[in-house]
Amino acid sequence: MTQDELKRAKELEKEIRELDNFIFTAERVNTGTIIKKFFKCIFRANGDWFVKTKEFNMNSKIKDRVLNELREYLKELREELTKL
């Protein structure tokens, strides 16, 4: 393994650990917030009296995936509205 591969592996391991920790927390709370700060997006899982508030800094790849899911959800809502 080269130094560059080792560096990338450590970066991936850190990102996986952060995301896994965030998902663990976010699954246990009912509300969350997406915060836009300049060129950075943060997803915050709002804590309650059992679980602390946890934040995850989204890179552009994750942000785009989240936005795609929100667009799909918006499309479903519009379709449901037109059926009414």
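Residues numbered from 1 in each chain as written. Predicted model: local features only at pLDDT ≥ 70, side-chain atom pairs only at ≥ 80, totals over all residues. Heavy atoms only, no water.

(A) Spotlight on the overall build of the protein chain. A tally of helices and strands in the protein chain yields two helices and three strands. Reading the secondary structure of the protein chain in the N-to-C direction produces α-β-β-β-α. Over its C-alpha trace the protein chain gives a radius of gyration of 17 Å, far above what one expects of a compact globule, namely 12 Å for 84 residues. Here the protein chain holds 84 residues, and 12% of them are scored as buried. In the protein chain, once contacts between residues fewer than 6 apart in sequence are set aside, the share between residues at least 24 apart is 23%. For the protein chain, the accessible surface area stands at approximately 7700 Å², while carbon and sulfur atoms represent 55% of it. Looking at the protein chain, you have 19 positive and 16 negative side-chain charges, and the mean spots of the two groups are 5 Å apart. (Helix = DSSP H or I, 4+ residues; strand = E, 2+ residues; numbered from the N terminus. Rg over C-alpha atoms; globule rule 2.2 N^0.38 Å. Buried < 20%, exposed > 50% of the residue type's maximum accessible area, 1.4 Å probe, protein only. Contact = heavy atoms within 4.5 Å. Areas by Shrake-Rupley, 256 points an atom, 1.4 Å probe, with all protein chains shown as cover. Lys, Arg positive; Asp, Glu negative; His and termini not counted. Charge placed at Lys NZ, Arg CZ, Asp CG, Glu CD.)

(B) Highlighting the sheet that holds strand S1 (residues 32–37). Ordered in space as S1-S2-S3, the three strands form an open sheet in which the pairing is antiparallel. Each edge of the sheet is formed by a strand with only one pairing partner; in this case those strands are S1 and strand S3 (54–58). On average, each strand axis in the sheet is tilted by 25 degrees relative to the strand beside it, whichever way the strands run. Note: S1 against strand S2 (residues 40–45), six bridges, orientation antiparallel. When the sheet's bridge partners are listed, Gly 32 is paired in S2 with Ala 45. Sitting on the sheet, helix H1 (residues 3–26) is in contact with S2 and S3, with an inclination near 135 degrees to S3. Here helix H2 (residues 60–83) sits on the sheet in contact with S1, S2 and S3, set at roughly 105 degrees to S3. (Pairing = 2+ DSSP bridges. Axes fitted to C-alpha atoms, helices over the stretch in contact; angles between N-to-C directions.)

(C) Examining a nonpolar patch on the surface more closely. A cluster of nonpolar side chains, contributed by Ile 34, Leu 67 and Leu 70, occupies part of the molecular surface with about 230 Å² of accessible area. You can see Ile 34 is positioned in strand S1. Its relative accessible area of 41% is what places Ile 34 among the partly exposed residues. (Patch = residues over 30% accessible without salt bridge, like charges linked within 9 Å, V, L, I, M, F, W, Y side chains within 5 Å. Salt bridge = Lys/Arg side-chain N within 4 Å of Asp/Glu carboxyl O.)

(D) Quick look at the pattern of salt bridges. Summed over all chains, the structure comprises two salt bridges. Across the pair Lys 14 and Glu 18 runs a salt bridge whose closest N-O atoms are separated by 3.7 Å. Highlighted residues: Lys 14 and Glu 18, both in helix H1, separated by four residues, approximately one helical turn.

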